[in-house]
Structure formats: C-alpha cells, structure tokens
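Examining the three-dimensional arrangement
As a plain string of letters, each chain reads:
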Amino acid sequence: MHMMYFTEQPMSAYDAQKGLDYGATALTFSNSHFDSVAASRLYNEYLEDYILAEDCGADGIMLNEHHNAPFCMQAKTNIFASILAATTKRVKIVILGNPLPLCDNPIRMAEELAMIDMISNGRLVPGFVRGGGQEQLAAGVNPAFNRERFIEAHDLIQKIWTQPGPFRFEGTHYQHRTVNPWAVPLQKPYPRVWVPGVLSRETIVWTAQQRYPYIALNTAIDHTKEIFKLYSETAADCGYVAGPENFGYLIRVHVQDTEEKAIQNARQFMWMQGEFTGLAHPVWANPSGYFSPSGRRGFVQFATGRAKNPRGAMTFEEQMESTMIVAGTPKQVVEKLKWIIENTRPGIMGIWANDGNVSAADRKRCIELLFKEVVPEVKAHGAKLGLKDPWEANAPVHLRYSTDLTTRKAAAE
Amino acid sequence: MPVTWKDSVTEIAGSKMHLSRAGSGKTVLVLHHDIGTADRLPFYDSLAEQFDVIVPHHPGWGKSQRPEWIRHPRDIAAMHTWLLADLGVENVNLVGLGFGGWIAAEMVSQSPRTYRRLSLVAPMGIKPPEGDIADQAIVSYLDYPKAGFHSQDAFASVYGEADTDQLEQWDVCREMCFRTAWKPYMYSQTLPHLLGGVRTPAQVIWGDDDQIVPISAGHAYTKALRNATMTTVAECGHFAEMEQPAKVAKLVIDFINAA
C-alpha cells in the first residue's frame, strides 16, 4: 500500500466571523481578510510538517490547489511540489491534482512537471483534475468547456511526454505550432498519473479508460464502493481487471495520545462551517455547463433554495459514525482503518490528517503517531489483504502500455 | 385584432431552429434576450398587430437545437442572416433585446445597408465606458432575471413563481451565454469599430433602472452608430419589453412606421 500525508493547508488565520457576516467564505469573500504575515508563517510550518511526515515514514505527500478561499492556501500546487522536490529525499510527490482546464498553455504545465520530476529524481505523481466550479470562475475559464479542455490538455501533455518534438498540435481549445519543450520527465514512459474525484461519473469512466488510478476524495464508504464498481466495469470493457492498484481513498484521520484530544482536534475538519470548501453559492460550485446535463434539473432546484443539497450536510458525529472522519488513539484508529481497507480495498490511501486551527505541536504529534504507529500496522494488514499500490503491482502507466488486455474494444488510444 | 402565431422549425447550418411568426406587413425580426424568451409576450403581440413578426429562438436557446461549434454572437448573427435568406424576406427591421441587441448589431455591422430599421433595447455587445455588465455566473437563476426588472411585481407578472422547467431553461440559456460570450464577458472588442459604417437608421432604448447593462453602453452605441437616437424608459429595468411592454412597443412601432 501507498500511504501518503495530506492537508488542505488551511489559511487558519482568517477571521471566521467575517465570513459568517458576509455569508460566504469562497470566491468573492474578500482577500482583504487574507493575512500575509500569518500565511508566511503557516506556509513554512506546513513545509516542516511535510518533511516530518517523510522522516516518520510516509510514502508520499499529497498536494492540491484551490483559489479565492481560506480553506486551502495552495494557489499553485506546482510551487510546493517544486519545493518538496528539493527538500525531501524519498517520498513520492503526489499532485492531486493540477486543474488542467485552468491552464491556457499545457506545454508550460508539461515543462513544469517534467522539471519537478527530474529535480526530485523521479518521485513525481502528476495527477490531474477538472477543478471545481469556482476554480473556473476564479481563473476566468469557461466552465462550459471544462471537460473538453481537461481531456485535450491531458492528451497534449501525454503526447509531449511520449513523442519527440517538434510537432504541431491543432486542437479545439489548444493550438500550438512548435511543441518542443526542452524538459521531459525522468520517469519513463511517463510519470504515473492519478485522478482524484468525488462525483462525476464521466471522470470515473474516463480514468478507467486510461487505466489511471482513481482516488476517491473522502466519499462515504457506500459511495466509494459504487465508484470502484463503475471503474471495474469500465476496466472490464477495456480488457483489463481493475485491482487495488487502480484505487485510492482519501480519508480524514486525526490521531493523538488521548481519544479526547483527538476528537477535539478532529472537530477542526468542520472548520469551514462543515463544508469542505467553505460557504459558497451553489452556482459557484456548479456553473452552467460544468456539470453533467443529467444533473441539471435537480441542481437548479437546489441552487434556488427549493431543494436540499443532494450531497447532504452531515454533522461531525454522523461523519465519525460513518467513518468519513476517523479520530482517536493510534490503537483505535488502526482498528478503524483496517475495517475501512477491508471494505474498500484501496492500494493507495491518502491521510488527510490536519485541518483548521489544529496547533503546530498537535499537528506534529499527529504526524508522528500516524506514520510511526498507525500506518505500519495498516500497511501490514493491507499486505495480508493483497492491497498493492501501482509500483508494487508493476501496473502499466497507461492503458496503451498494457500487456494483459483481453480485448481492445475501448482502448483509449 | 387577435394575433395568430404559427410555430415552425427550419434547419440552419445543420441545426434545427425554432421560430414563431405572426402578422403581416413590414417584416420585423425580434432577437431575444440572454435568458431566452417566453413563446408569447404582449410586446410581440403588439408588434404583430402591425407587422410581419419573426421571433426565432437563438441556436442552443429554448427550442432551438444547440450547434456544438458556436463560439460567438457573431455566429448566431450569421445563422439568423441565413434564416432570413431562407425565408426570402427583404428590407427587414431588426429589434434586438439585450443580448439579442448585440446579435442585431453584429448583423448590421456585417451588412450596413441591408436592414431597414434597427431598434436596440439595452443591447450588450459594447464594453460600457462606465460600469460593467452584470455577471450572471455568480448569482442564482432567479436573482439574475429579477435583477433585470425595476419592479419585482413586473417580474412576477411575467414569470410567476418561475417553476422548475423555467429554472432549467435559464440554466441552458446561461450555458449558451458562456459558450458564446464568456470572455470578454458579454461584449466584443471589435464591434464598436464596425458600427460606424451602418446606414440603417437606429434607435437605442434603455430602461432608466437597468441593473444588467449600464446605460453608458447605450450612449456609446448611440455615438458609434452614424444615425441613431436614444430614448430612456422610466421605471424600467433591463428586460424593458417585458416590464414596460406598451411603452417600448409604441417606441418601436412609431420608429418602424416613420418615414
């Protein structure tokens, strides 16, 4: 199993009351509430946390990016990936992910990632995402072409990494006449790409068609199983059998020496008023054209306050009960994580360990307990269950490098 | 005199386009707003009592099929021009409402002597010298249309409670706005330079309480067109022909009938 550390890098110094007064803590919530002095301290603390996670035995550091909101301070995930490339020695640098539709120049993205891969001596996992709806609005990128841009940018980057330049690329959204970057990845044929997600059926199907691992982002157990089932069915259509190496699961876990303290800190997972991305207008998360047309009717009712959020709004206690949040002493957490991996069988596990206003000392203690005491036991249990990560399974980087296909029916060449 | 509307479908550039038509006399092409249009409106009826009125749904809006390839209101303008050619009508009067006004302006800029009269009701399409065009992307499906009315009673009299079908339609309309006018949002950087050649006499009508398109854009249109006058309508928002149908209809009818 691959077990990696994750934090949203919360901008915890913002004044929550200001957000409540304004009624939103995303997109249009003014950055006049952003405190650069505190943020400077936090960025460096989070960097220390990553290095500690490596020292304590983490397999990887998972990074992401978001915009215009306090719940995540990383505005450009490649920045932290670059820093970690130079400041860590062993961990995989797992970007989940770069929002491809936001980039107007995928060549630059390919170059940056290639440089990070080389500087890190081949430790990069360059995951890709569509980016949430409000990321499109924050970047001024057309949400109606989000999926088209995602696929086209991916195809261009993949081509850059697998075919010598110069070549021309004449796409619908990207046109480049001299593609020939003098920076290509160290890992061959190209670095392993993982794709995280929560909702969209189309992304799950596309990811399975590429044979890229799909990382379910803190979905409920039943929903996670449904995602993996759909992936497996698509894999079968493509002629391969999906295994644990194709599945990842990000879950919120907080460990402390006492259960009381662990639960107290775990409540910080709700720090953005219980919403992952903070308080926001529904149309920011789902601008027209961004979402699958099949969801249109239900969504417009929700967006105008005539229906409840189809994703629900679970309390902290309900999320603890459903294991979407796990908190306790190392012993307690080990037992719960064993149960979770038995029931979801991921080869990759992201541990979202610290959020909100957890103190620097408590974050560090959590990381120590997690990777010195919890993770070794969970990994040992995973090994017994046959849960291999993509490296252990020697999985092909992409469907096109498969040697075991039973049919070529849906080969996504 | 009761007006009898007839709906039909015609294929333009590979996509099925829906249109309603009624009346007789001078031909008037009405180009609807970014939020689509009801099939029937008192304003349309008033025009059809005097003229041959054609109200198409823009490609991708309402009952018209979406062409996946369209990227700009100029594409919509070309499709409406194609439609007029297929219908065999000449010397057409254009009435452009809001976003439809932008499309009408694109049509006349491409063909400066073809159209008889141009009525622009709070058209988008030009970057307002003062203020910005309201961004529908960050407000709800209800709040955006409501913002286009000076009086919420007027909104209610047109849309009532706005049922789920209507909300869904507005989401489709909004997606089409994004597909065709995302960036720059709701204006063209080249259109203002092309309006000076237009020979068609024009009127520019603006509600005095337009919260969607700043009135400064109206002054800019009036200045850029070589033969245009501007009129404001009191107690009126952006969706002027719905909020003040009698007043706006009279202005348009008088203008078309003049000369």
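Throughout what follows, the structure given in this document is the object of discussion. All figures in this text were calculated on a predicted structure; none of them were measured in a lab. Along each chain, the written sequence defines residue order, and numbers are assigned to residues from 1. The naming scheme follows written order: chains are lettered A onward, ligands numbered 1 onward. The model is predicted, so local features are restricted to residues of pLDDT at least 70 and side-chain atom pairs to those at 80 or more, both for listing and for counting; the totals for chains, interfaces and linings are taken over all residues.

What about the overall build of chain B?
A run of H or I in DSSP becomes a helix once it reaches four residues, and a run of E becomes a strand once it reaches two; helices and strands are each numbered from the N terminus. Helix and strand counts for chain B stand at ten helices and eight strands. As a reference, a globule follows 2.2 Å times the number of residues to the power 0.38, and the radius of gyration itself is taken over C-alpha atoms. In terms of C-alpha radius of gyration, chain B reaches 16 Å, essentially the compact-globule figure of 18 Å for 259 residues. With respect to the principal axes defined by its C-alpha atoms, chain B has extents near 40 × 40 × 40 Å. Partly exposed residues are those whose C-beta has more than 12 but fewer than 20 other C-beta atoms within 10 Å; with 20 or more the residue is buried, with 12 or fewer it is exposed, and the C-beta atoms are placed from the backbone. Taking all 259 residues of chain B together, 53% fall into the buried category. Residues are treated as contacting if the C-beta atoms built from their backbones sit within 7 Å of each other. Relative to all contacts within chain B whose residues are 6 or more apart in sequence, the contacts with residues 24 or more apart total 75%.

Considering the overall build of chain A
Assigned secondary structure in chain A consists of 14 helices and eleven strands. Against the 2.2 N^0.38 benchmark of 22 Å for 413 residues, chain A shows a C-alpha radius of gyration of 20 Å, consistent with a compact globule. Principal-axis analysis of the C-alpha atoms places the extent of chain A at approximately 55 × 50 × 40 Å. For chain A, the proportion of its 413 residues judged to be buried stands at 50%. Sequence separation of 24 or more characterises 76% of the internal contacts of chain A that already satisfy a separation of 6 or more.

A few points about the packing of helix α13 (residues 330-344) of chain A against helix α14 (residues 360-384) of chain A
Residues and elements named next belong to chain A. Convention adopted: a line fitted to C-alpha atoms gives each axis, helices being fitted over their contacting stretch, and angles between N-to-C directions are expressed from 0 to 180 degrees. α14 packs onto α13 with a crossing angle of 35° between their chain directions and a minimal axis gap of 9 Å. Where α13 crosses over α14, the handedness of that crossing is right-handed. Contact residues: P330, V333, V334, L337, K338 and I341 in α13; L369, E373, V374, E377, V378, H381 and G382 in α14. Partitioned by chemical class, the residues of the contact of α13 with α14 number eight nonpolar, two polar and three charged. Here is the rule for handedness: rotate from the far helix to the near one, and if that takes an anticlockwise turn smaller than a right angle the crossing is left-handed, while a clockwise turn gives right-handed. Residues are grouped as follows: Ala, Val, Leu, Ile, Met, Phe, Trp, Tyr, Cys and Pro are nonpolar; Asp, Glu, Lys and Arg are charged; every other residue, Gly included, is polar.

A short note on the packing of helix α11 (residues 296-303) of chain A against helix α6 (residues 164-181) of chain B
Running from amino to carboxyl end, α11(A) crosses α6(B) at an angle of 100°, the nearest separation of the two axes being 9 Å. When the interaxial angle is binned, α11(A) and α6(B) end up roughly perpendicular. Contacts from A:R296, A:R297, A:V300 and A:Q301 of α11(A) reach α6(B) at B:T164, B:L167, B:E168 and B:D171. Residue classes in the contact of α11(A) with α6(B) are distributed as two nonpolar, two polar and four charged. Should an angle fall under 35 degrees it is called roughly parallel, over 145 degrees roughly antiparallel, and 65 to 115 degrees roughly perpendicular, with every other angle called oblique.

A closer look at the sheet that holds strand β8 (residues 228-233) of chain B
Residues and elements named next belong to chain B. By definition, two strands form a pair when at least two bridges between them are found by DSSP. Taken in spatial order, the eight strands of this open sheet run β1-β2-β4-β3-β5-β6-β7-β8, and their pairing is mixed. Looking at which strands have only one partner, the edges of the open sheet turn out to be β1 (6-12) and β8. Pairwise comparison of adjacent strand axes, ignoring direction, gives a mean angle of 20° for this sheet. Of the strands in this sheet, β1, β2 (15-22), β3 (27-31) and β4 (52-56) are in contact with helix α2 (residues 73-87), which crosses β1 at around 110°.

Some points on the interface of chain A and chain B
Tallying the contact residues gives 18 residues for chain A and 16 residues for chain B. Every element with two or more residues in the side of chain A that touches chain B is listed here: α10 (282-285) and α11 of chain A. Residues that form the side of chain A that touches chain B fall into these classes: eight nonpolar, eight polar and two charged.

Overview of helix α9 (residues 259-266) of chain A
Residues and elements named next belong to chain A. Every buried residue of α9 is listed here: A262, N265 and A266. The buried residues of α9 all sit within an arc of 100° when viewed along its axis, so they share a single face. For α9, the secondary structure elements touched by its buried residues are β9 (247-255), β10 (325-328) and α14. Regarding the arc, it is the one traced by the directions from the helix axis to the C-beta atoms.

Some words on the nonpolar core
For this entry, the nonpolar core is defined as buried Ala, Val, Leu, Ile, Met, Phe, Trp, Tyr and Cys residues connected by C-beta atoms within 7 Å. Counting 106 residues, the largest nonpolar core has B:V30, B:L47, B:V53, B:L94, B:A104 and B:L120 as its most contacted members. No other element matches the eight residues that α6(B) contributes to this core. Residues A:M4, A:L102, A:I151 and A:I367 belong to the second largest nonpolar core, which totals 94 residues.

What to know about the environment of A:F6
Residue and element names in this part refer to chain A. Assignment of secondary structure puts F6 in strand β1 (residues 2-7). For F6, a count of 28 C-beta atoms within 10 Å gives the class buried. Put simply, F6 and H223 are 217 residues apart on the chain and 21 Å apart in space, counted from C-alpha to C-alpha. Each residue touching F6, except ones within four places of it in the same chain, is listed here: M62, L250, G350, I351 and W352.

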